[in-house]
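Each chain, written out:
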Amino acid sequence: EKGRGKKTKTEANGENGDEDNDEYRWWLEQNRDDSIKWTSLEHHGVLFPPEYEPHGVRMKYNGREIDLEPEAEEVASFFAALLHMDHAKNPVFQENFFRDFQEVLARCKKPTPIKEFAKCDFTPIHEYFERERERKKNLPKEERLALKAEKLAAEEKYSYCMLDGRREKVGNFRVEPPALFRGRGAHPKTGCLKKRVMPEQVTINIGKDATVPPPPAGHQWGGVIHDNTVTWLATWKENINGSVKYVFLAANSSLKGQSDFKKFEKARELKKHIHKIRADYTKDLKDRMMQVRQRATAMYLIDRFALRAGNEKGDDEADTVGCCTLRCEHITLVPPNRVVFDFLGKDSIRYYREVDVDVSVWKNMKIFKKEPKGPNDPLFDRLTTASLNKHLSSLMAGLTAKVFRTFNASLTFQQELGKTPSLATAAEKVLAYNRANREVAVLCNHQRSVPKQHENQMGRMQDKIKAIKYQRWHAKRELIQLTPRIKKTHPTLVEPESDLDDDWCREHETDLVRKEREKAETKITRENEKRLAAKEKPLSKQEESDIRDKADVLAARFKEERKSGKAEMRRNATVEKLEEAISKLTERIIAAKTQMIDRDENKTTSLGTSKINYLDPRITSAWCRKHGVPLEKMFNATLRDKFRWAMDVDGEWEF
DNA sequence: ACATAGACTTGGAAGAATGTTG
DNA sequence: CAACATTCTTCCAAGTCTATGT
């Protein structure tokens, strides 16, 4: 307890610009007991979504407009709102939605003709929403800002709480609004109606001495408790899966920070035991007891391939698996030691991998798959996450399956970063960092769908590089013209550009002129419109041709260059100046190229998840320090705020 | 031992905010 | 400065693991 609440000055930190410079640096304290999460807690409860406001736009049924009572209109609108998404085309989603929709319709006073989903047409409502969105977007700036400020002011009090006398940010203070449940993958309940949460369903957790926030007028809280062994401020039960929802503090809070810190320290602890643990499971791979062999095999997979533990799931959830729930069908064995994994993991993300494994692991898997087991039977029939974790905790205090993911992710990251060349340019260092990050994301199978713009983007980046190369080629030609012998003395300096053929250059030149002309024309049109509005005379022919002059000059220049075969010299050109220009352009080309490679390698990989959850931020902090890379390049403001506790380490710090 | 509830971390995607460019 | 692209933030679903009850 000592040192609690002690305030220390932080260095003035520009971007946080918050009034409180007295920051609570909990990470300077050691060995706190964390079964008690707080001694005093004040907060303002939760923010409920606004009541439903009918818009009166009618859906169609069988081609006819239908009047819906507000309750039914709301549910119809939930579906209409996501008409453009894949959900709307998913038959399970449609079916679940329609059943719940009909239930709501049945409660309405007026009988409804709506009997078949196929005859429903929600597009009028969908289009109404689109118009509304457009309207809001086009609101005058002041009005838009005023609305935003108003919303912010209404939320202000909910967004902070007082925890042990310190002001801390609350995370999700909003009660989830009613909606259609968007279960992922083949979730049997996707599309079901998630009902509006009433205050009577919400339990508030708050300090004994704190003022209990008043429930909305005419309502009561479901309960008010004072449990300081948990971190949540409010909770309710959701009606689809019966799971519990919580309001927690934000990621930058001391409570979240402390558990994050603990998580990484535990992973570092594993570093000291991993040698023995690996020896242990390697030996157990050949144990006489099948149960022990299964456990050892699972540990091998979790350690080597970063599989998740894999708890049992119910029939009312999507069929996804982790290590302990793998079925025979998910694994193909190719002699002598190749294994092909193909299954749906968390969030129904496909895990596909062909790997070579230890021969005894391969042989074990062959045994586990043997008859009479069929494709649908579990690979590890003698293993559960509970028994696995029980064994793990006997090897190291607090060790569970997920620690391996954190451990391997952070260690891999550190090792990869260790390969950063110390003489690299800033861009190359950033690339090295992102590569290391990506390595981890691949290990953990963090995927995303290829961005729609990806192909386009690659083409544009390639063009950009060529355009710079064109400029460089021009500068090189000038240099040659200025000092012809440079071709002999510094041949590499004036090499022709690799992927710049004459056809492309001609096209590029036409393009540059065309763009310049377009620019001039828009300028002329604009100016004339402006003058017309001000009841002035339009631009004279002379004025117009003055505006077009730049494009004409450019066109003439290209023509002349083509004719003479010589590059037009820039003004006051000297050897030094040209060399300087060339090296600047070279730098730009390298930067653009690295960026392009980086992006392409990234198209299906999502780096964020590992950065936020798996990579010990102290590794990044130390690397930035060591290589003179500003932290802001690797961590955005949110991340820097979340990881304040990790920012003090020196360049030699090791995970 | 086993099942279920509860509490907390991890995860991709949508939407908002911001930056870039023609 | 509008249109478009990129990055950040929010959202809430889906995991892991512990505690509790039988």
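Residues numbered from 1 in each chain as written. Chains lettered and ligands numbered in written order. Predicted model: local features only at pLDDT ≥ 70, side-chain atom pairs only at ≥ 80, totals over all residues. Heavy atoms only, no water.

Here's the deal with the overall build of chain A
Secondary structure summary: chain A contains 18 helices and 17 strands in total. Expressed as a percentage of the 655 residues in chain A, the buried residues total 42%. Summed over all atoms, the accessible surface of chain A reaches about 38000 Å², with 51% contributed by carbon and sulfur. Looking at chain A, you have 123 positive and 106 negative side-chain charges, and the mean spots of the two groups are 3 Å apart. (Helix = DSSP H or I, 4+ residues; strand = E, 2+ residues; numbered from the N terminus. Buried < 20%, exposed > 50% of the residue type's maximum accessible area, 1.4 Å probe, protein only. Areas by Shrake-Rupley, 256 points an atom, 1.4 Å probe, with all protein chains shown as cover. Lys, Arg positive; Asp, Glu negative; His and termini not counted. Charge placed at Lys NZ, Arg CZ, Asp CG, Glu CD.)

Points about the sheet that holds strand 13 (residues 234-237)
Two orientations exist for strands paired in a sheet by backbone hydrogen bonds: parallel and antiparallel. Strand order in the open sheet formed by four strands is 12-11-13-14, and the pairing between neighbours is mixed. Two strands lie at the open edges of the sheet, namely strand 12 (223-225) and strand 14 (244-247), each paired on one side alone. If you compare each strand with its neighbour and ignore which way they point, the axes differ by 20° on average. Across three bridges, strand 11 (residues 203-205) lies against strand 12 in parallel orientation. Bridge pairing in strand 12 places Asn205 opposite Ile225. (Pairing = 2+ DSSP bridges. Axes fitted to C-alpha atoms, helices over the stretch in contact; angles between N-to-C directions.)

Digging into the side chain of Thr385
Inspection of the secondary structure assignment puts Thr385 in helix 8 (residues 385-395). With near-sequence residues (within four places) excluded, Thr385 lies in contact with Ala309, Gly310, Asn311 and Cys324. (Contact = heavy atoms within 4.5 Å.)

Concerning the confidence of the model for chain A
For chain A, mean pLDDT is 89; residues scoring 70 or higher make up 95% of the total. Per-element confidence in chain A is highest for strand 16 (residues 338-344), whose mean pLDDT is 98, and lowest for strand 1 (residues 8-9), whose mean pLDDT is 39. Across residues 1-20, where pLDDT falls below 50, the model places 25 contacts with residues more than four positions away in sequence or in other chains. (pLDDT = per-residue confidence, 0-100.)

Thoughts on the UniProt feature "active site" (unreviewed entry) in chain A
What UniProt calls "active site" (unreviewed entry) maps, in this numbering, to Tyr614. Structurally, Tyr614 is set in the loop between helix 16 (608-613) and helix 17 (617-627). For Tyr614, the residues in contact, after removing those within four places along its chain, are Phe264, Arg405, Thr406, Ala409, Ser410, His446 and Thr609. (UniProt positions renumbered as here; feature names shortened; annotations may be inferred.)

Remarks on the domain arrangement of chain A
As a measure of interface size, the accessible area lost when the parts come together is often cited. For chain A, the assigned domains read domain 1 (35-48 + 149-249), domain 2 (60-138), domain 3 (255-411) and domain 4 (456-592). Each of domain 2 and domain 4 has a C-alpha centre, and the two are 55 Å apart. (Domains from an automatic or database assignment.)

Some details on the sheet that holds strand 17 (residues 350-356)
Spatial ordering of the open sheet is given by 15-16-17, a layout of three strands whose pairing is antiparallel. In this open sheet, the two edge strands, each paired with only one partner strand, are strand 15 (331-334) and strand 17. Recorded for the sheet is a direction-independent mean angle of 10° between the axes of neighbouring strands. Along the sheet, helix 7 (residues 359-369) contacts strand 15 and strand 16; its crossing angle with strand 15, the most-contacted strand, is approximately 125°.

Focus: the environment of Glu176
Take Glu176: it is sitting in the loop between strand 8 (166-169) and strand 9 (179-180). Using a relative accessible area of 26% as the deciding quantity, one classes Glu176 as partly exposed. When residues no more than four places from it in sequence are discounted, the contact partners of Glu176 are Lys194, Val197, Trp236 and Lys245. A polar contact of 2.9 Å, which involves the side chain of Glu176, links it to the side chain of Lys194. (Polar contact = N/O pair within 3.5 Å; in protein donor to acceptor, adjacent residues only side chain to side chain.)

Some words on the packing of helix 5 (residues 254-284) against helix 9 (residues 401-417)
Between helix 5 and helix 9, the shortest axis-to-axis distance is 9 Å and the interhelical angle comes to 95°. As summarised for this structure, helix 5 and helix 9 are arranged roughly perpendicular, according to the angle between their axes. Side by side, helix 5 and helix 9 meet where Lys263, Phe264, Lys266, Ala267, Leu270, Lys271, Ile274, Ile277 and Arg278 of the first sit next to Lys402, Val403, Phe404, Thr406, Phe407, Asn408, Ser410 and Leu411 of the second. (Parallel < 35°, antiparallel > 145°, perpendicular 65-115°, else oblique.)

Considerations on the environment of Leu139
Here Leu139 is to be found in the loop between helix 3 (123-137) and helix 4 (141-156). C-alpha of Leu139 to C-alpha of Lys642: the two residues are 503 residues apart in sequence and 35 Å apart in space. Excluding its chain neighbours within four sequence positions, the residues that come into contact with Leu139 are Arg144 and Leu147.

Describing the protein's contact with DNA strand B
Taken together, the neighbourhood of DNA strand B is formed by 27 residues, with Tyr246, Lys256, Lys263, Lys346 and Tyr614 sitting nearest. What you see for DNA strand B is that sugar and phosphate hold 80% of its atoms within 4 Å of the protein. Between DNA strand B and Arg308, the relevant distance is 2.8 Å, taken from a phosphate oxygen to a side-chain nitrogen or oxygen of the residue. Within the side chain of Arg405, a nitrogen or oxygen atom sits 2.8 Å from a phosphate oxygen of DNA strand B. (Near = heavy atom within 4 Å.)

Digging into the nonpolar core
General note: in soluble globular proteins, nonpolar side chains tend to be found buried as a group. Residues Leu301, Leu307 and Phe341 are the most contacted members of the largest nonpolar core, which totals 74 residues. Examining the composition of this core, we find that eight residues originate from one element, helix 9, more than from any other. Contact partners of Phe341, with chain neighbours within four places excluded, come to Leu301, Phe305, Leu307, His330, Ile331, Tyr351, Tyr352, Arg353, Val355 and Met365. Phe93, Ile114, Cys120 and Leu193 belong to the second-largest nonpolar core, a separate cluster that totals 26 residues. (Core = buried A, V, L, I, M, F, W, Y, C linked by side-chain atoms within 4.5 Å.)

As for the environment of Ser564
The residue Ser564 is located in helix 14 (residues 541-564) in this model. The partly exposed category is assigned to Ser564, whose relative accessible area is 40%. When the C-alpha positions of Ser564 and Ala234 are compared, they lie 79 Å apart, and in sequence the two are 330 residues distant.

Considerations on the protein's contact with DNA strand C
The local shell around DNA strand C holds 29 residues, among which Lys245, Lys313, Lys402, Gln457 and Thr638 are the closest. Counting only the atoms of DNA strand C within 4 Å of the protein, the fraction contributed by sugar and phosphate is 91%. The contact in question runs from a phosphate oxygen of DNA strand C to an N or O atom on the side chain of Lys194, over 3.1 Å. At 2.4 Å, a side-chain N or O of Lys313 approaches a phosphate oxygen of DNA strand C. Breaking the surface near DNA strand C down by element, the ones donating at least two residues are helix 9 and helix 11 (454-482). Residue composition of the surface near DNA strand C, grouped by class: four nonpolar, twelve polar and 13 charged. (Nonpolar A, V, L, I, M, F, W, Y, C, P; charged D, E, K, R; others polar.)

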